[in-house]
Every structure is written in C-alpha cells, then in structure tokens.
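A structural walkthrough
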Amino acid sequence: KFEEFNVNPFKQVSAEPVSTFSVDVDTSSYSFMRRQLNNGQMPSKSAVRVEELINYFDYNYALPEDASQPFKPTVTLMDSPWAEGKQLMQIGIKGFEIDGPQPKSNLVFLLDISGSMNSPDKLPLLKNSLKLLLSKLNDDDTVSIVTYAGHTGVALEPTPVSEKSTIINAMDNLRAGGGTAGAAGIELAYRMAEENFDDEAVNRVILATDGDFNVGISDPQKLEEYVEKKRNTGIFLSVLGFGQGNYNDHIMQSLAQNGNGVAAYIDNLNEARKVLVEEATSSLFPIAKDVKIQVEFNPNAVAEYRLIGYETRHLNREDFNNDKVDAGDIGAGHTVTAIYEIVPTGSSAVSVDPLRYGDAEEKTETATADTDFGNEIAFLKMRYKLPKEDTSTLITTPITTALEGTAGQEQKFATAVAGFAELLQGGHHLSGDFDYDDVIALAQEGKGEDTFGYRAEFINLVKLTKATNQ
C-alpha cells in the first residue's frame, strides 16, 4: 500500500513565487523499486518517490565548520538534460560527522513475529540485519527486544551490548506465528524505552515489520498521534520494512515521520549492511530536526518552476516559520538533495502565454526590485532545530546567475537518478527523446569514486530496466 500522489506541476512565479517543503532522508522507495525491477516487474508509479531515489546515495557536499550549524547548503545551476531552454537548480546539504565518541544508545527492537513474517526475506533477514547493527554499537549501549504477534511479549529485558551473546540468543529463539498486534507492541516498546530512559543517550524504538497492522489500534491517525506524543518525550521511532505482498508503506512512512526517524526497506543483507552498518550514525543519531526548506523565486529572472519530487512532503508557506509544524530530521553524515527545474524569463520553453492586460505601476515596481537584487534568481531559506531544542534557527542564501555551470559529477549523478525516477513515473516532464541511454550516460559521467559500488549498481539497474522494456 503506497500513498497516491500527483507529480508536481510547473508553477508560474508571478502567481506562486514561494515553494516550501520538509526534507526527506528516507530510502525505502529506492530499495523497494530495486527489488521489483530485479524480479522483472515495473514498480507502480506511487511506489517511486523521486527524492528517496536521489537521497539513497551519498554526495560529497561541503561540510559546516562545526556542530553549532549542522549543515550548510551547496547550490548549483546546470542546463536541463531533458528539456531545452530549462535549467536545474540543485540544493544539497550534508550533515556534519560525529567528532569524538559515538553517543550512547538506548534501543528497543520492536519485532514483528506474526505468521506473515514466516518467509526467508522477512524474519530470518530481520535477525541477521539486527546482528549487523550490534557490531556498530558500544559495549555500554543498551538493547531490549519486544515482540508482537497474537500477543505481545518481552523477549529481552534491557541488556548491555557487552553481553552480545545473550542478545543474539534471544534473537535466534524467535519464531514466526500468530496474528499481528502491532499497536499493542508499540505501547510495550515505548514503555521499555521509558523505563531505561537515559537523558544523555539516544533513546529510540526500531520497529521491524512487513507492515501488516491488523490487531489493536486500527485507526492509523491515532497510532501516528501516539508516536508523535512519545516523540515529544525524547523517544524516537525508526522503521525497517521487510518483504512484500502485505507491506503497508504508507503507514510505515507516516509512523517514521511522526517519530523523528527514518524509514528504510531491507530487501537483502547488503541493504541491511548499508543502512545499519555503513550509515548507522546517520540512521541512529540525529543532528537536526524539523528541517524545512523554502525557496522564493525572482519573477524577473524565473518564469516557471517545479520541485522534482517531495510531493508527500509539501508544506504550506506559513508552516515554514511555525515551529510547531513537524518536518524532516537529519542524522550525522546524512546528505539531502532537492532539485528544481526552472524556466528563465524570456526562454522559449515558457509554457504559459503572458497576460494581455497588465498593471503599468506593478511593472515599474518590478523593474525597481530587479535593480535592487541584481543577478539573484532565487532566495533560499532553511530552518532547523538542534535535537534538544524547540526553537528553530534560520539559514539564508541568495542564489544568483553566477552559479550557472557550477554543477559537477555529484550533481550529474543526482540528475541521472532523478531522470530515471521520472521515466519510471511516466516521464510527463521529459522531452520525447530522453531515454534510459541518456540516464546511463549521465550517471557514468557522475559516477566518481563509488567506494561501495552503489552507483555502479544503479547503472546496472537502469540497463536492466531498458532491456526489460525493449
């Protein structure tokens, strides 16, 4: 079950100059899409969230000088590879890496052991995935295990990671069977986290499930409100999805968003290693919460724009300054990329005819504003809160024409991923001759060092998709 959404359209700057959205560091859409393609199936359009495909990869963006400002934006401009007369404006941020000892953790594994988990790609993969995570924890970290099926239970009381064999034995003894009481399991997991709460540690529930909640709190809204209430006490929630068939992506995404955590889909052990070992610090340790981005476009420089992806992360303009509105969270070392496709004023690619009737006084005011702001095409604003703060901090950056042609290999690779995602969604905004070969060529230009081989895997995935659709 995936949340249905309409692909973002182009908007006229004269009518709607401001775009606002919440950042997203979830990656479940990418790994689910990969599994479908490797199985010879095209994913449904609603399963392809462009921003999650782009943000699956790490990018070498500039780092902030210190932790007092957890990130700083990198902005570039390049010509659109799929539409003549248009440009791509990329905004990239990278969170600072943890310098010094890893923060202490109080983790509660909330594990679905219902009958639907009785499959090699579910409970056995879940166990092996969490064993990998143990290798990244410190001896004085604490792990508890709560299970749910026809009833809930405590499979492991709070145990220091130094007693790793005890934790692994508890996992190995788990068997799948029975119904699913996910909501009751969540309540017990939070109770365990509260009993062992450490104000100096990261207190987090990690829910691992195939997403089938059919017993207990049946109203998803009430479940989300419960998770949000607990988030405000300092206990966060992350979600690991397994398997397919009854996987409820929509509710998993909502729970992770309300719980200040990430939602990842584990389709194989390599993905588990990526999420829980290589990216453990970004998955577990937040450096900023409620991160919002707002871009105001200069109508004298930009006629139209569209935000590529983030359809399910849209915020109202007034939400940007409202610190009570929840938004995305960034972990240590996380990268976030957002891409706007823009149409400069005077471009032949402008899709809407100018108005026949205009206000002369308004035009005069616009001309004056253009002089005041020189070569600015847009103004970027970002808000974030440090993990234990309730008041947001503002970062602002003018975006000027001086950035044209500054895109490097990182931006080219992100663009290739965006182009592939748009092809999977039907390619509504792509020119007719932009195809998988163009994606492959662009991705190879931007492949770079590719230490872990994820970019090479992506290129092979595009080649497979091309072969499947010939």
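Residues numbered from 1 in each chain as written. Predicted model: local features only at pLDDT ≥ 70, side-chain atom pairs only at ≥ 80, totals over all residues. Heavy atoms only, no water.

Let us now look at the confidence of the model for the chain. Summarising the model, the chain shows a mean pLDDT of 89, and 94% of its residues fall at 70 or more. For residues 360-371, every residue scores under 50 in pLDDT, and the model assigns this stretch 3 contacts once sequence neighbours within four places are set aside. (pLDDT = per-residue confidence, 0-100. Contact = heavy atoms within 4.5 Å.)

Of all 11 residues that make up helix α1 (residues 28-38), 10 are buried, and the element is covered over most of its length. Of all the residues in α1, the buried ones are Ser 28, Ser 29, Tyr 30, Ser 31, Phe 32, Met 33, Arg 34, Arg 35, Gln 36 and Leu 37. Buried-residue contacts for α1 involve α2 (50-54), α7 (249-258), β10 (263-266), α8 (269-278), α11 (409-424) and α13 (454-468). Of the residues flanking the end of α1, it is Gly 40, one or two places downstream, whose phi is positive at about 80°. (Buried < 20%, exposed > 50% of the residue type's maximum accessible area, 1.4 Å probe, protein only. Helix = DSSP H or I, 4+ residues; strand = E, 2+ residues; numbered from the N terminus.)

Turning to its location among the elements, Thr 76 is positioned in strand β3 (residues 74-79). With residues near it in sequence (within four places) discarded, Thr 76 still touches Leu 88, Met 89, Gln 90, Leu 403, Thr 406, Ala 407 and Gln 411.

Another point: the nonpolar core. One finds Tyr 30, Met 33, Ile 54, Phe 57, Trp 82, Phe 420 and Phe 458 to be the most contacted residues of the largest nonpolar core, which totals 38 residues. Of all elements in the fold, only α1, α2, α11, α12 (436-446) and α13 reach the threshold of two or more residues within this core. In terms of residue count, α11 provides more of this core than any other element does, 8 residues in total. For Phe 420, the contacting residues outside a window of four places in its chain are Met 33, Leu 37, Tyr 436, Val 439, Phe 458, Val 462 and Thr 465. (Core = buried A, V, L, I, M, F, W, Y, C linked by side-chain atoms within 4.5 Å.)

Moving on, we come to the packing of helix α3 (residues 123-134) against helix α4 (residues 164-172). Taken N-terminus to C-terminus, the directions of α3 and α4 make an angle of 170°; their axes are 10 Å apart at the nearest point. The pairing of α3 with α4 is recorded here as roughly antiparallel in orientation. Contact residues: α3 offers Lys 127, Leu 130, Lys 131 and Leu 134, while α4 offers Lys 164, Ile 167, Ile 168, Met 171 and Asp 172. Here the contact of α3 with α4 is composed, by residue class, of 5 nonpolar, no polar and 4 charged. (Axes fitted to C-alpha atoms, helices over the stretch in contact; angles between N-to-C directions. Parallel < 35°, antiparallel > 145°, perpendicular 65-115°, else oblique. Nonpolar A, V, L, I, M, F, W, Y, C, P; charged D, E, K, R; others polar.)

This brings us to the sheet that holds strand β1 (residues 11-12). Taken in spatial order, the 5 strands make up an open sheet running β1-β12-β14-β4-β3, and their pairing is antiparallel. Edge strands, defined here as strands with exactly one partner in the open sheet, are β1 and β3. Sheet topology note: the strand β4 (residues 87-94)/strand β14 (residues 335-344) ladder contains 8 bridges and is antiparallel. Each bridged residue has a counterpart across the sheet, and for Gln 87 the counterpart in β14 is Ile 342. (Pairing = 2+ DSSP bridges.)

Okay, the environment of Thr 166 next. Position of Thr 166 relative to the elements: it lies in helix α4. Thr 166 gets classed as partly exposed once you look at its relative accessible area, which sits at 34%. Along the sequence, Thr 166 and Leu 156 sit 10 residues apart, while their C-alpha atoms lie 8.6 Å from each other.

Close approach of charged atoms allows side chains of opposite charge to pair. Taken as a whole and assessed by the stated rule, the structure comprises 24 salt bridges. Between Arg 34 and Glu 457 there is a salt bridge, with the nearest N and O atoms lying 3.2 Å from each other. With Arg 34 in helix α1 and Glu 457 in helix α13, the pair connects residues that are 423 residues apart, well separated along the chain. Using a relative accessible area of 32% as the deciding quantity, one classes Glu 457 as partly exposed. Between Arg 455 and Glu 410 there is a salt bridge, with the nearest N and O atoms lying 3.2 Å from each other. Residue Arg 455 is located in helix α13, and its partner Glu 410 is located in helix α11; the two are separated by 45 residues in the primary sequence. (Salt bridge = Lys/Arg side-chain N within 4 Å of Asp/Glu carboxyl O.)

Looking now at helix α6 (residues 220-231). Under the 1.5 Å per step criterion, the end-to-end length of α6 is 16 Å for 12 residues, consistent within 8% with the ideal 16 Å. For α6, the full list of buried residues reads Leu 223, Glu 224, Tyr 226, Val 227, Lys 230 and Arg 231. Looking down the long axis of α6, one finds its buried residues gathered within 155° of arc, a one-sided arrangement. Facing away from the buried surface of α6 by more than 90 degrees, the exposed residues are Lys 222 and Lys 229. (Expected span 1.5 Å × (residues − 1). Arc of directions from axis to C-beta.)

Counted by the stated rule, this structure contains 20 aromatic pairs. Between Phe 57 and Phe 413, the aromatic rings sit 5.0 Å apart at their centres with planes inclined by 80°, giving edge-to-face as the arrangement. Taken together, the positions of Phe 57 in the loop between α2 and β3 and Phe 413 in helix α11 put the pair 356 residues apart, joining distant regions of the chain. As far as burial versus exposure is concerned, Phe 57 and Phe 413 are alike and both buried. On the numbers, 5.4 Å between centres and 75° between planes, the contact of Phe 297 with Tyr 340 is edge-to-face. (Phe/Tyr/Trp six-rings, centres within 6.5 Å; stacked < 30°, edge-to-face > 60°.)

Quick look at the sheet that holds β10 now. Taken together, the 6 strands give an open sheet; going across it, the order is β7-β6-β5-β8-β9-β10, and neighbouring strands pair in mixed fashion. At either end of the open sheet lies a strand with only one pairing partner, and these are β7 (152-160) and β10. Geometrically, the sheet is characterised by an average inter-axis angle of 20° between neighbouring strands, direction not taken into account. In this sheet, β10 lies alongside strand β9 (residues 235-242) in parallel orientation, the contact comprising 4 bridges. Opposite Val 239, over in β10, you have Ala 263 as the bridge partner. Those strands touched by α3 are β5 (105-112), β6 (142-148), β8 (202-209), β9 and β10, and its axis lies near 175° from that of β5.

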